[in-house]
Amino acid sequence: MRKVALCLLMVLALSFTYGSAFAEDKFPLKNVSYTVNDLGTEFIGEVTNNSGTSYTMASFKLSVYDANEKLLDVVDIVINNFEDGQTRSFNGISMKQISEISRFKLQFEVGI
């Protein structure tokens, strides 16, 4: 029984793809905008999967910077059923009211 459980855990571990580098080349952003409201800041945009891999679920971090390169916040983004070569829209929410955004950076976290 232990061997079966260990094999299952190994198969599950190998089925995940992890990323720690910024993903501009494999997951380029476009048409990113934001809206500030009473509850915080909502981000919407599009990302293309140029990774060579299709994902049932892909998780990203969207880093938000001001003009002085100060990190203002990091927002979680999840895209389900993200096929290689596909462009998908996304949205994410920050609990902070951020109005002076200069640029965004997308980091791939994990994909299944």
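Here the structure is shown first, and the text comes after it.
As the structure is a computational prediction, the values presented were derived from the model and not from experiment. (Residues numbered from 1 in each chain as written. Predicted model: local features only at pLDDT ≥ 70, side-chain atom pairs only at ≥ 80, totals over all residues. Heavy atoms only, no water.)

### Structural notes on the side chain of Ser-59
Moving on, step 1. If you trace the backbone, Ser-59 turns up in strand β4 (residues 55–65).
Moving on, step 2. When residues no more than four places from it in sequence are discounted, the contact partners of Ser-59 are Ile-77, Val-78, Gln-107, Phe-108, Glu-109 and Val-110. (Helix = DSSP H or I, 4+ residues; strand = E, 2+ residues; numbered from the N terminus. Contact = heavy atoms within 4.5 Å.)

### A few points about the pattern of salt bridges
Moving on, step 1. Throughout the structure, instances matching the rule amount to two salt bridges.
Moving on, step 2. One salt bridge in this structure joins Asp-76 and Lys-61, with 2.4 Å as the shortest N-O distance. Placement of the pair is Asp-76 in strand β5 (residues 71–82) and Lys-61 in strand β4, with a sequence separation of 15 residues.
Moving on, step 3. Classification of Lys-61 by relative accessible area gives partly exposed; the value is 26%.
Moving on, step 4. Between Glu-69 and Arg-103 there is a salt bridge, and its shortest N-O distance comes to 2.5 Å. Here Glu-69 is found in the loop between β4 and β5, whereas its partner Arg-103 is found in strand β7 (residues 103–111), with 34 residues between them in sequence.
Moving on, step 5. For Glu-69, a relative accessible area of 44% translates into the label partly exposed. (Salt bridge = Lys/Arg side-chain N within 4 Å of Asp/Glu carboxyl O. Buried < 20%, exposed > 50% of the residue type's maximum accessible area, 1.4 Å probe, protein only.)

### Considering the packing of aromatic side chains
Here the distance between the centres and the angle between the planes together describe a pair of aromatic rings.
Moving on, step 1. Here the structure, examined in full by the defined rule, presents nine aromatic pairs.
Moving on, step 2. With a centroid separation of 6.2 Å and an interplanar angle of 35 degrees, the aromatic rings of Phe-27 and Phe-82 are classed as tilted. In this pair, Phe-27 is assigned in the loop between β1 (17–18) and β2 (29–37) and Phe-82 in strand β5, connecting sequence segments 55 residues apart. Residue Phe-27 shares its accessibility class with Phe-82, and that shared class is buried.
Moving on, step 3. Members of the aromatic cluster, each reached through a chain of ring pairs, are Phe-27, Tyr-55, Phe-60, Phe-82 and Phe-108.
Moving on, step 4. Geometry around Tyr-65 places Arg-103 over its ring, the cationic atom sitting 4.3 Å from the centre. (Phe/Tyr/Trp six-rings, centres within 6.5 Å; stacked < 30°, edge-to-face > 60°. Lys NZ or Arg CZ within 6 Å of the ring centre and 35° of its normal.)

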